[in-house]
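Observations on the three-dimensional arrangement
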Amino acid sequence: MKSALLELSYLIGSVTFIVGLKMMGNPKSARKGNLLGAAGMTIAILGTIFLFEKKTEDGVLIADHVVPGIIYALIFGAILLGTIVGWLTAKKVQMTKMPELVSMFNGMGGACAALIGLMEYQHNLHHTGALATIIAGMVIGTVSFSGSIIAYLKLNGTMKQPIRLPQYNVINTIVMAGVVLFGAWVVMTAPSMTFLYLLFAVAIVYGILFTVPIGGADMPVVISLLNSFTGLAAAFGGFLYDNKIMLTGGILVGSAGTLLTLVMCKAMNRPLSNVIFGAFGGGNAAEGSSAISGSIKDINVSDTAVLMNYSKKVVIVPGYGLAVAQAQHVIHELETILEERGVEVKYAIHPVAGRMPGHMNVLLAESNVSYDKLVEMEDINPEFPSTDVVLVVGANDVVNPAAHNDPSSPIYGMPILDVENASHIIVNKRSMSAGYAGIENELFFNPKTSMLFGDAKDVLTKLVAEIKSL
Amino acid sequence: MESILNLISEHREMIYFVLLSVFVGIEVIGGVPTVLHTPLMSGANAIHGVVIVGAIYVMLNVDPTDYLALALGFLAVLLGTLNVVGGFVVTDRMLEMFKKK
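Below: a short report on this structure. (Residues numbered from 1 in each chain as written. Chains lettered and ligands numbered in written order. Predicted model: local features only at pLDDT ≥ 70, side-chain atom pairs only at ≥ 80, totals over all residues. Heavy atoms only, no water.)

**Digging into the overall build of chain A**
Rules: A run of DSSP states H or I qualifies as a helix once it reaches four residues; a run of E qualifies as a strand once it reaches two. Both are numbered from the N-terminal end. Relative accessible area decides the class of each residue, using a 1.4 Å probe on protein chains only: under 20% of the type maximum gives buried, over 50% gives exposed, and in between gives partly exposed. It only takes one pair of heavy atoms within 4.5 Å for two residues to be counted as in contact. Only the protein chains shown count as cover for residues, and the accessible areas themselves come from Shrake-Rupley with a 1.4 Å probe. In this charge count, Lys and Arg are treated as positive and Asp and Glu as negative; neither His nor the chain ends contribute. Every charge is mapped onto a representative atom, which is NZ of Lys, CZ of Arg, CG of Asp or CD of Glu.
Helix and strand counts for chain A come out as 18 helices and 6 strands. Overall size of chain A, expressed as C-alpha extent along the three principal axes, is 80 × 50 × 35 Å. Per-residue burial over chain A gives 55% buried out of 470 residues. Put simply, 78% of the contacts in chain A that link residues at least 6 apart link residues at least 24 apart. Of the roughly 18900 Å² of accessible surface on chain A, 64% is carried by carbon and sulfur atoms. The averaged location of the 33 negative side-chain charges in chain A is 4 Å from the averaged location of its 29 positive side-chain charges.

Dropping the structure here:
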């Protein structure tokens, strides 16, 4: 009876995951979809705790088994503590810090999978099949854990430059082969716990080596990839226990995450192998593009105000700089006041603007920009020739024409927003430093471009005041 | 060769299950607008927190005198909860902003 109920709770949970994820694909139903998934998860967790039946190693039910109170106390204690900390962190985090938080939560899931492996190892020394799933789940979970921590450190700025050992691709491949062979050896020979801990340590090192050389601009792809890794680790747990909800949840995230990763790579027009093994920033940045020369043109706030006020159509290109300066509310104010003056305002959203795909949408939605004003790249590009003013705020690489016309540039071939087709381009930047990918931008030297230097929030606030006074 | 074939026929149901799940995962994500990529990634992140079910299961089977296992199990459940709760709450916060005005 109990086990049938447990299976039922897992079935309900699995269905909510699938339906919930599907609902999250539409802005209207997305929030309900997320809550549905959360409800299914709660049912599955409660079912696991309260419908538990102890079985022997051969799967025979042990009747009248009572789980010691201390174990329940620890489980509830951990859930309570985790809920409080997780809830508060998620509620308090600033929207700009969200990508690193997702990365951190992903790492926690990976670590959880790794710990399950560490604990189950000794109970399964004689089942090669079970041992294989344990080791696979543990290694993948561990790599996801240490990789996510590095991604977190990179996103929050603790680790600024990609660190590249000489011949890092060769080293990484050797370490990866080492992890796989070591893991296979552990499965075959079932050695003592010491070797399992050693494998755990090597997997941590591999996760670090895997993520460390990847440049900041590629972090969204890496997080998405590590996300699907953790899904895979959860699925291996499902194999081990023949647990259907871990399997559905894990595989669902594994395959959905992989697809999402590929979609992101496509948006940047780079194959995934190029992201993992390729070179972005670092060495390549110094080459090729430093040759750009020419003069740049300054513009002040009052001239910008006049220009925008008397335009018919303004397109705003937001980038990570907008997020850093916390200028999303001011930009909405600018949009409102321009609309009041009869100017048509749209936002051009590059698929990889910000630090995660869709990051800009989330950020602008936070300041109440309606989402039909956010136009995706393919739809806005044909509109630039009829645009009077493009205002680029804190974006750089996504408007860099080198992607079209400089084959030596690391971003060559990436689809960009063709802002140079507009009549005027105003670029707000703090200084002339290069973008996140570390490459120069010839757009700034375009005769149609004027540079509006200063902190985004500061400058935009002044701009709004100036337009109001016109 | 024969052992591989045996393995496949023994786990036939499981293999069907896995393959179908993979397709469901791909199908569910297909055609999602870029606007929703970040919340979707975050939502998927919360769902793989289902690994906590495994952590709870291990914990329920732990020998209560094995203190190392108790500590590791506690940590596993704690980390899993962080993944689940944090993941769903942060996704909800993102999606809250998409509501129609």
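**Re the pattern of salt bridges**
Residues and elements named next belong to chain A. To be explicit about the condition: The term salt bridge refers to a pairing of a side-chain nitrogen on Lys or Arg with a carboxyl oxygen on Asp or Glu at a separation within 4 Å.
For the structure on display, the rule yields 8 salt bridges over all chains. A salt bridge links Lys 346 to Glu 344; the nearest nitrogen and oxygen atoms lie 3.5 Å apart. Beyond isolated ion pairs, a larger network of salt bridges with shared partners links Lys 313, Glu 344, Lys 346 and Glu 383.

**Observations concerning the pairing of strand β1 (residues 313-318) of chain A**
On any regular strand, side chains alternate: one points to one face of the sheet, the next to the other face. All names here are of chain A. Where we set the bar: In this description, strands pair whenever DSSP reports at least two bridges between them.
For β1, the tally of buried residues reaches 6 of 6 residues, placing the bulk of the element in the interior. In β1, alternate side chains face the same way, and those of Lys 313, Val 315 and Val 317 on one face and Val 314, Ile 316 and Pro 318 on the other are all buried. Across 4 bridges, β1 lies against strand β2 (residues 344-349) in parallel orientation. Bridging across to β2, Val 314 finds its partner in Val 345. As paired strands, β1 and strand β4 (residues 389-393) are joined by 5 bridges and run parallel to one another. Across the sheet, residue Val 317 finds its bridge partner in β4, namely Val 392.

**Some points on the interface of chain B and chain A**
To keep it simple, the criterion reads: Once two parts are brought into contact, the accessible area they lose, counted with a 1.4 Å probe and summed over both, makes up the buried area. Residue polarity is assigned by list, with Asp, Glu, Lys and Arg as charged and Ala, Val, Leu, Ile, Met, Phe, Trp, Tyr, Cys and Pro as nonpolar; anything else, Gly included, falls into the polar class.
Contacts between the two partners involve 76 residues from chain B, matched on the other side by 101 residues from chain A. Surface buried jointly by chain B and chain A totals about 8100 Å² across both partners, of which 79% is contributed by carbon and sulfur atoms. A per-residue breakdown of the area chain B buries against chain A is headed by Met 41, Leu 60 and Arg 93 of chain B, which together make up 9% of the total. For the pair chain B and chain A, the number of links is 1 salt bridge. Asp 92 of chain B is the partner of Arg 31 of chain A in a salt bridge, and the nearest nitrogen-oxygen pair spans 2.8 Å. When residues of the side of chain B that touches chain A are traced back to their parent elements, those giving at least two are α2 (12-29), α3 (37-47), α4 (51-60) and α5 (67-96) of chain B. When residues in the side of chain B that touches chain A are grouped by element, the largest group, 28 residues, is from α5 of chain B. Across the side of chain B that touches chain A, the residue classes tally to 50 nonpolar, 20 polar and 6 charged.

**A word on the packing of helix α2 (residues 30-50) of chain A against helix α3 (residues 69-92) of chain A**
Helix-helix packing is characterised by the crossing angle of the two axes and by the distance between the axes. All names here are of chain A. Convention followed: The axes used here are C-alpha line fits, helices contributing only the stretch in contact, and every angle between their N-to-C directions lies in the interval 0 to 180 degrees. For classification purposes, angles smaller than 35 degrees are called roughly parallel, those larger than 145 roughly antiparallel, those between 65 and 115 roughly perpendicular, and all remaining angles oblique. Crossing handedness: left-handed means the near helix sits turned counterclockwise from the far one by under a right angle, and right-handed means the same turn made clockwise.
At a closest axis distance of 12 Å, the pairing of α2 and α3 adopts a crossing angle of 165°. Classed by the angle they form, the pair α2 and α3 counts as roughly antiparallel. α2 and α3 meet at a crossing whose hand is left-handed. Touching Ile 45, Ile 49 and Phe 50 of α2 are Tyr 72, Ile 75, Phe 76 and Ile 79, all from α3. Broken down by class, the residue content of the contact of α2 with α3 amounts to 7 nonpolar, no polar and no charged.

**Examining the sheet that holds strand β5 (residues 424-429) of chain A**
Two strands in a sheet stick together by hydrogen bonds in their backbones, pointing the same way (parallel) or opposite ways (antiparallel). Residues and elements named next belong to chain A. Sheet architecture is open: 6 strands sit in the order β3-β2-β1-β4-β5-β6, paired in parallel fashion. Each edge of the open sheet is held by one strand with a lone partner, namely β3 (374-376) and β6 (449-453). For this sheet, the mean inter-axis angle between neighbouring strands, taken without regard to orientation, is 25°. Of the strands in this sheet, β1, β2 and β3 touch helix α15 (residues 359-366), which is tilted by about 140° from β2.

**Focus on helix α7 (residues 193-211) of chain A**
So the rule is basically this: The length a helix should cover is 1.5 Å for every residue beyond the first.
With 19 residues, α7 of chain A ought to run about 27 Å at 1.5 Å a step, and its terminal C-alpha atoms sit 27 Å apart, in line with that. The inward-facing, buried residues of α7 of chain A abut α4 (98-120), α5 (128-155), α6 (168-189), α8 (219-241) and α10 (272-277) of chain A.

**A word on the nonpolar core**
Spelled out, the test is: Definition of nonpolar core: a set of buried residues of the types Ala, Val, Leu, Ile, Met, Phe, Trp, Tyr and Cys, connected through side-chain atoms within 4.5 Å.
In this structure, Val 317, Leu 334, Leu 417 and Leu 460 of chain A together with Ile 56 of chain B are the most contacted members of the largest nonpolar core, which totals 179 residues. With 15 residues, α5 of chain B is the single largest residue contributor to this core. Excluding residues within four positions of it along the chain, Leu 417 of chain A makes contact with Val 317, Ala 348, His 350, Met 377, Ile 380, Asn 381, Phe 384, Val 398 and Val 399 of chain A.

**Examining the packing of helix α12 (residues 301-309) of chain A against helix α18 (residues 456-468) of chain A**
All names here are of chain A. Two numbers describe how α12 lies on α18: the axes approach to 9 Å, and their chain directions differ by 60°. Between α12 and α18, the angle is such that the two are oblique. Judged by the sense of rotation from one axis to the other, the crossing of α12 with α18 is right-handed. Seen from α12, the contacting residues are Val 301, Ser 302, Thr 304, Ala 305, Met 308 and Asn 309; seen from α18, they are Val 459, Lys 462, Leu 463, Glu 466 and Ile 467. Looking at the contact of α12 with α18 residue by residue, the classes come out as 6 nonpolar, 3 polar and 2 charged.

**Regarding the packing of aromatic side chains**
As a reminder, the rule being used: Pairing of aromatic rings covers Phe, Tyr and Trp, the last through its six-membered ring, and needs centres within 6.5 Å; plane angles under 30 degrees mean stacked, over 60 mean edge-to-face, and all others mean tilted. Counted as over-ring charges are cases with an Arg CZ or a Lys NZ within 6 Å of the ring centre that also lie within 35 degrees of the ring normal.
Evaluation of the coordinates by the stated rule reveals 9 aromatic pairs over all chains. Between Phe 236 of chain A and Phe 239 of chain A, the ring centres sit 6.0 Å apart and the planes meet at 50°, which makes this aromatic pair tilted. Within this pair, Phe 236 of chain A and its partner Phe 239 of chain A are both found in helix α8, separated by 3 residues, close to a single helical turn. The class for Phe 236 of chain A is partly exposed, based on a relative accessible area of 21%. For Phe 239 of chain A, a relative accessible area of 31% puts it in the partly exposed group. An aromatic cluster is present here, built from Phe 50, Tyr 72 and Phe 76 of chain A joined pairwise through their rings. Sitting over the ring of Phe 17 of chain B, Lys 244 of chain A keeps its end group 5.7 Å from the ring centre.

**Digging into a nonpolar patch on the surface**
All names here are of chain A. Selection criterion: Nonpolar side chains (Val, Leu, Ile, Met, Phe, Trp, Tyr) are joined into patches within 5 Å and like charges within 9 Å, using only residues with over 30% relative accessible area and no salt bridge.
A contiguous nonpolar surface patch, about 790 Å² in accessible area, is contributed by Met 1, Leu 5, Leu 8, Leu 11, Ile 12, Val 15, Val 19, Leu 36 and Ile 43. Of all the elements in the fold, those that place two or more residues in the nonpolar patch are α1 (2-23) and α2. When residues of the nonpolar patch are assigned to their parent elements, the largest contribution, 6 residues, is made by α1. As for its placement among the helices and strands, Leu 36 is situated in helix α2.

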